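Observations on the model geometry
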Number of protein chains: 2
Amino acid sequence: MKKLLGIGLASGLLGLGLLTAAQAANPKPEDVVKYRQSVYTMIGWNFAPIGAMMKGEAPFDAAAVARHADYVKMLSTAAPEGFAKGTGPDVVKNTEAKPEIWTKSGEFDTKMKNFQQEAASLAEVARGGDEKAIKAQFGKTAETCKACHKEFRKD
Amino acid sequence: MKKLLGIGLASGLLGLGLLTAAQAANPKPEDVVKYRQSVYTMIGWNFAPIGAMMKGEAPFDAAAVARHADYVKMLSTAAPEGFAKGTGPDVVKNTEAKPEIWTKSGEFDTKMKNFQQEAASLAEVARGGDEKAIKAQFGKTAETCKACHKEFRKD
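As the structure is a computational prediction, the values presented were derived from the model and not from experiment.

1. Notes on helix 3 (residues 29-54) of chain B
Residues and elements named next belong to chain B. Under the 1.5 Å per step criterion, the end-to-end length of helix 3 is 37 Å for 26 residues, consistent within 8% with the ideal 38 Å. Burial analysis of helix 3 places 21 of its 26 residues in the buried class, which makes it a mostly covered element. Gly56 occupies a position one or two residues after helix 3 and carries a positive phi of about 80°.

Pasting the structure below:
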């Protein structure tokens, strides 16, 4: 045990290429940006195949929709951590996040919650397997993505 | 409804900067790599703060451990999708994935499953809130990370 928690852990986390413990407690702005971009990459990865099915470009697969929707729901809850103060375009290059995320944080929070709620509903509806109901809820969820990107993400 | 699923969706997914529907059905190798790197960025983001607590570099917070461990568990199930055939270093630059992932896929799958199992156990143990038990299970989980990285990831 001692080994695992002493040398093992100390060399472990560093050796793994994960954040160091010190970084974890106080992550660098660049790491926060990398994290949030990863969250949205994963959201896109899971949202797009549902969209393809909804548009008839891929055969409807209820189980796949449910799986992807569950990930989107989970990722929507992981997103807010990625918008810590001090991680805007004034500090970090290569971010599409607009300063308004922090100057209009109340509005941003509302739009984030809308996304989380619709994504949670999508996961629930997806479990039901009703294609028509899923289409309706997918549309609502996509609208919340668009609403936030329109105001808070650079084109 | 029609609008949402027709014009709304078509322009929506593209406008959102997500993958297009066609890409979703048959993602480019670069997109697969971006996805898998995102998965591991999120794993590191969630694993590191648990490590900091286990090493005593951050105060133990049972709720935070449980939350991070839940994400690691979920992300461990999302990881395999990121290792589609044809996404190795022979095809995509800027990947640390070794060719052995695909030439020794049986061994890779076993190590991936080990990680998933230990991560699932960590999430379960974390819900119990017992620091000592969490430390033990965290160590086991970190070992599965290391075992896979050692063999299948470039230094």
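Still more to cover.
2. Description of the state of the cysteines
Residues and elements named next belong to chain B. This structure, assessed with the given rule, holds zero disulfides over all chains. Here Cys148 stays unpaired: no disulfide links it, and the sulfur of Cys145, its closest cysteine neighbor, is 8.7 Å away. Classification of Cys148 as buried rests on a relative accessible area of 12%.

3. Some remarks on the pattern of salt bridges
In total, this model carries ten salt bridges over all chains according to the counting rule given. Here Asp70 of chain A ties to Arg127 of chain A by a salt bridge, and the two come within 3.3 Å at their closest N and O atoms. Of the two residues, Asp70 of chain A sits in helix 4 (residues 62-78) while Arg127 of chain A sits in helix 6 (residues 105-128), which places them 57 residues apart along the sequence. Looking at Asp70 of chain A, the relative accessible area reads 35%, which means it is partly exposed. The salt bridge involving Arg67 of chain B is made with Glu81 of chain A; its shortest N-O contact spans 3.0 Å. With Arg67 of chain B in helix 4 (residues 62-78) and Glu81 of chain A in the loop between helix 4 and helix 5 (100-103), this residue pair bridges two chains.

4. Regarding the packing of helix 4 of chain A against helix 4 of chain B
Here helix 4 of chain A crosses helix 4 of chain B at 135°, and the two axes come no closer than 12 Å. It follows that helix 4 of chain A is oblique to helix 4 of chain B by the angle criterion. Considering the relative orientation of helix 4 of chain A and helix 4 of chain B, their crossing is left-handed. Where helix 4 of chain A approaches helix 4 of chain B, its residues Tyr71, Met74, Thr77 and Ala78 of chain A are matched on the opposing element by Tyr71, Met74, Thr77 and Ala78 of chain B. Residue classes in the contact of helix 4 of chain A with helix 4 of chain B are distributed as six nonpolar, two polar and no charged.

5. Here we look at the nonpolar core
With 76 residues, the main nonpolar core has Met42 and Leu75 of chain A together with Met42 and Leu75 of chain B as its most contacted residues. Breaking this core down by element, the ones donating at least two residues are helix 3 (29-54), helix 4, helix 6 and helix 7 (131-152) of chain A together with helix 3, helix 4, helix 6 (105-128) and helix 7 (131-152) of chain B. Beyond its immediate chain neighbours, meaning those up to four positions away, Met42 of chain B contacts Tyr35, Ser38, Val39, Met42, Leu75 and Ala78 of chain A together with Leu75 of chain B.

6. Quick look at the packing of aromatic side chains
This model, assessed by the stated rule, comprises ten aromatic pairs over all chains. Taken together, a centroid distance of 4.4 Å and an interplanar angle of 25° make the contact between Phe47 of chain B and Phe138 of chain B stacked. Taken together, the residues Phe47 of chain B in helix 3 and Phe138 of chain B in helix 7 connect sequence positions 91 residues apart. A relative accessible area of 0% means that Phe47 of chain B is categorised as buried. Phe138 of chain B sits in the buried class, given a relative accessible area of 0%. Ring centres 5.3 Å apart and planes at 85° place the aromatic pair Phe108 of chain B and Phe152 of chain B in the edge-to-face group. You can see Phe108 of chain B sitting in helix 6 and its partner Phe152 of chain B sitting in helix 7, a full 44 residues away along the chain. For Phe108 of chain B, a relative accessible area of 6% corresponds to the buried category. In this structure Phe152 of chain B comes out as buried when scored by relative accessible area, which is 2%. Three or more aromatic residues joined by ring pairs form one cluster here, namely Tyr40, Phe83, Phe108 and Phe152 of chain A.

7. Digging into helix 7 of chain B
Residue and element names in this part refer to chain B. Compared with the 32 Å implied by 1.5 Å per residue over 22 residues, the 31 Å span of helix 7 between its first and last C-alpha is a close match. Residues of helix 7 that are buried: Ile134, Gln137, Phe138, Gly139, Thr141, Ala142, Thr144, Cys145, Cys148, His149 and Phe152. At the N-terminal boundary of helix 7, the capping side chain belongs to Asp130, with an oxygen 2.9 Å from the backbone nitrogen of Lys132.

8. Details of unusual backbone geometry
In this model, Asn94 of chain A sits at a positive phi of 60°, which is unusual for a non-glycine residue. Note that Asn94 of chain A resides in the loop between helix 4 and helix 5.

9. A closer look at the confidence of the model for chain A
Within chain A, residue pLDDT values average 89, and 84% of them lie at 70 or more. Here residues 1-17 of chain A scores under 50 on pLDDT; set against residues more than four positions off or in separate chains, the count is 30 contacts.

Cut-offs and rules
- Residues numbered from 1 in each chain as written.
- Chains lettered and ligands numbered in written order.
- Predicted model: local features only at pLDDT ≥ 70, side-chain atom pairs only at ≥ 80, totals over all residues.
- Heavy atoms only, no water.
- Helix = DSSP H or I, 4+ residues; strand = E, 2+ residues; numbered from the N terminus.
- Expected span 1.5 Å × (residues − 1).
- Buried < 20%, exposed > 50% of the residue type's maximum accessible area, 1.4 Å probe, protein only.
- Disulfide = S-S within 2.5 Å.
- Salt bridge = Lys/Arg side-chain N within 4 Å of Asp/Glu carboxyl O.
- Axes fitted to C-alpha atoms, helices over the stretch in contact; angles between N-to-C directions.
- Parallel < 35°, antiparallel > 145°, perpendicular 65-115°, else oblique.
- Left-handed = near helix turned anticlockwise from the far one by under 90°.
- Contact = heavy atoms within 4.5 Å.
- Nonpolar A, V, L, I, M, F, W, Y, C, P; charged D, E, K, R; others polar.
- Core = buried A, V, L, I, M, F, W, Y, C linked by side-chain atoms within 4.5 Å.
- Phe/Tyr/Trp six-rings, centres within 6.5 Å; stacked < 30°, edge-to-face > 60°.
- Polar contact = N/O pair within 3.5 Å; in protein donor to acceptor, adjacent residues only side chain to side chain.
- pLDDT = per-residue confidence, 0-100.

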